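Structural overview
Spelled out from the first residue to the last, the chains are:
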Amino acid sequence: MDAAIDDADDVAIAAITVAELLVGVEMADAARRPNRQAFVDEVLALIPSRSTRQTSLAP
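Quick caveat: nothing in here was measured; it's all calculated off a predicted structure. (Residues numbered from 1 in each chain as written. Predicted model: local features only at pLDDT ≥ 70, side-chain atom pairs only at ≥ 80, totals over all residues. Heavy atoms only, no water.)

**Considering the overall build of the protein**
Using the following cut-off: For the purposes of this entry, the term helix denotes a DSSP run of H or I that reaches at least four residues, the term strand denotes a run of E that reaches at least two, and both are numbered from the N terminus. Burial classes: relative accessible area under 20% of the type maximum marks a residue as buried, over 50% as exposed, and values in between as partly exposed (1.4 Å probe, protein chains only). Residue contacts are defined here by distance: any two heavy atoms, one from each residue, within 4.5 Å place the two residues in contact.
A count of helices and strands for the protein gives 2 helices and 2 strands. Starting at the N terminus and ending at the C terminus, the protein contains elements arranged as β-α-α-β. Considering the protein as a whole, with its 59 residues, one finds that 12% of them fall into the buried category. Counting contacts in the protein only where the partners sit at least 6 residues apart, residues at least 24 apart contribute 62% of the total.

**Considering the environment of alanine 15**
For alanine 15, the location among the structural elements is in helix H1 (residues 15–27). Overall, the relative accessible area of 36% leaves alanine 15 in the partly exposed class. Along the primary structure alanine 15 and serine 49 are separated by 34 residues, whereas in three dimensions their C-alpha atoms are 5.6 Å apart.

**Here we look at the environment of glutamine 37**
For glutamine 37, the location among the structural elements is in helix H2 (residues 33–46). With a relative accessible area of 27%, glutamine 37 lands in the partly exposed category. Separated by 13 residues in the primary sequence, glutamine 37 and glycine 24 place their C-alpha atoms 8.8 Å from one another. Other than its neighbours up to four places away in sequence, glutamine 37 contacts Leu22 and Val25.

**So, the confidence of the model for the protein**
Selection criterion: The pLDDT value expresses, per residue, how confident the predictor is, ranging between 0 and 100.
Per-residue confidence for the protein averages 82 on the pLDDT scale, and 80% of its residues sit at or above 70. Mean pLDDT values over the elements of the protein span from 72, in strand E2 (residues 49–50), up to 94, in H1.

**Re the environment of alanine 28**
Note on placement: alanine 28 falls in the loop between H1 and H2. With a relative accessible area of 6%, alanine 28 lands in the buried category.

**Concerning the packing of H1 against H2**
Packed helices, taken two at a time, are described by the angle their axes make and the gap between the axes. The condition is simple: Note on geometry: axes are C-alpha line fits, over the in-contact stretch for helices, and angles between N-to-C directions span 0 to 180 degrees. In this scheme, roughly parallel covers angles under 35 degrees and roughly antiparallel covers those over 145, while 65 to 115 is roughly perpendicular and the rest are oblique. Left-handed describes a crossing whose near helix is turned anticlockwise from the far helix by less than a right angle; the clockwise case is right-handed. Amino acid classes used here: Ala, Val, Leu, Ile, Met, Phe, Trp, Tyr, Cys and Pro are nonpolar; Asp, Glu, Lys and Arg are charged; the rest, including Gly, are polar.
Where H1 contacts H2, the axes come no closer than 8 Å and their chain directions differ by 160°. Viewed along their axes, H1 and H2 adopt a mutual orientation that is roughly antiparallel. For the pair H1 and H2, the crossing hand works out as left-handed. The segment H1 lies against H2, with Val18, Leu21, Leu22, Gly24, Val25 and Glu26 engaging Arg33, Arg36, Gln37, Phe39, Val40 and Leu44. When the residues that make up the contact of H1 with H2 are grouped by side-chain class, the tally is 7 nonpolar, 2 polar and 3 charged.

Structure representation (C-alpha cells):
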C-alpha cells in the first residue's frame, strides 16, 4: 500500500467502513477470524479513520 499512497496524500477511511470490517471479523467462523482481524488491524495501522459526520460536544 505504501507504493500507492504518498506521504503527502491525505488518506482516511470512513468510520462506517471500519465498523463494517469489524462486523466481518465478528461474523467469521473461528478458522477465518484471526486472518480477518489481522487484515483490519493492518488497515487501521496504515490508514486513520474519520467520522463521516463532524460534530462537537462542546457547550
